[in-house]
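An overview of the molecular structure
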Amino acid sequence: MFPDKEGFKDQSIAALFSDYEDSQDLGDNWEAIGAWAWGSSRIVDYLQTLPEIDIKKIALLGHSRQGKAALWAGALDPRFQLGHFQ
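Residues numbered from 1 in each chain as written. Predicted model: local features only at pLDDT ≥ 70, side-chain atom pairs only at ≥ 80, totals over all residues. Heavy atoms only, no water.

1. Let's talk about the overall build of the protein
Counted only if it meets this: For the purposes of this entry, the term helix denotes a DSSP run of H or I that reaches at least four residues, the term strand denotes a run of E that reaches at least two, and both are numbered from the N terminus. Three labels apply to residues, based on accessible area from a 1.4 Å probe with only protein chains included: buried if under 20% of the type maximum, exposed if over 50%, partly exposed otherwise in between. Residue contacts are defined here by distance: any two heavy atoms, one from each residue, within 4.5 Å place the two residues in contact. Throughout, the Shrake-Rupley method with a 1.4 Å probe supplies accessible areas, and for residues the shown protein chains are the sole cover considered.
Scanning the protein from N- to C-terminus turns up 3 helices and 2 strands. Helices and strands appear in the protein in the N-to-C order α-α-β-α-β. Per-residue burial over the protein gives 29% buried out of 86 residues. For the protein, the proportion of contacts with a sequence separation of at least 24, taken over those separated by at least 6, is 45%. A total of about 6100 Å² of accessible surface is found on the protein, and carbon and sulfur atoms cover 56% of it.

Now the structure itself:
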C-alpha cells in the first residue's frame, strides 16, 4: 500500500488519488504513517460487513512507526474502540 522505501511513493496508494500530484506542490503530500492509518480504516470498512464481527470491539495496536500509524488511525476513525501504542 505504501512502500517503506525511499523513491517508491509513486507506486503507493497515494498515487491513485487525483489530487496526488497537486498535493506534492503544496507540501501536503501523503507519507507512510498516514497511508498505513488510512489502510487500517479500510480494513475496518470490510470487517464491518461481516456479521460475525462485533464492530464495537475493534482494537488497533502497533509498535514503533506502526504504533504511530495506529495512533493516527485511532485519532481519525472512531470505530477503533481501543488502541495500544508502544
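So much for the structure itself; the text now carries on.
2. Some thoughts on the pattern of salt bridges
Rule in force here: A pair is scored as a salt bridge if a Lys or Arg side-chain nitrogen falls within 4 Å of a carboxyl oxygen belonging to Asp or Glu.
Applying the stated criterion across every chain yields a total of 4 salt bridges. The partner of R79 in a salt bridge is D45, with the nearest N and O atoms 2.7 Å apart. With R79 in the loop between α3 (65–76) and β2 (82–85) and D45 in helix α2 (residues 32–47), this pair connects stretches of sequence that are 34 residues apart. We note a salt bridge from R79 to D77, for which the minimum N-O separation is 2.7 Å. Overall, R79 belongs to the buried group, its relative accessible area being 17%. Among the residues examined, D77 registers a relative accessible area of 6% and is labelled buried. Among the charged side chains, a salt-bridge network with shared partners connects R42, D45, D77 and R79.

3. Let's talk about α2
As a reminder of what qualifies: Here, expected helix span is obtained from the residue count minus one, scaled by 1.5 Å.
If you check α2, its first and last C-alpha atoms are 23 Å apart, about what 16 residues at 1.5 Å a residue would give, namely 22 Å. Listed as buried for α2 are A32, A35, W36, A37, G39, S40, S41 and V44. Looking at the buried side of α2, the elements it contacts are β1 (59–62) and α3.

4. A look at the packing of α2 against α3
As a reminder of what qualifies: The angle between two axes is taken between their N-to-C directions and runs from 0 to 180 degrees, where each axis is a line fitted to C-alpha atoms and a helix contributes only its stretch in contact. What sets the label is the angle itself: under 35 degrees gives roughly parallel, over 145 gives roughly antiparallel, 65 to 115 gives roughly perpendicular, and the rest give oblique. Left-handed describes a crossing whose near helix is turned anticlockwise from the far helix by less than a right angle; the clockwise case is right-handed.
It is the contact of α2 with α3, at a shortest axis distance of 8 Å, that shows an interaxial angle of 60°. The orientation of α2 with respect to α3, classified from their angle, is oblique. Handedness of the α2/α3 crossing: right-handed. Between α2 and α3, the contacting residues are I33, G34, W36, A37 and S40 on the first element and R65, Q66, K68, A69, W72 and A73 on the second.

Limitation: the analysis is restricted to geometry and does not speak to function.
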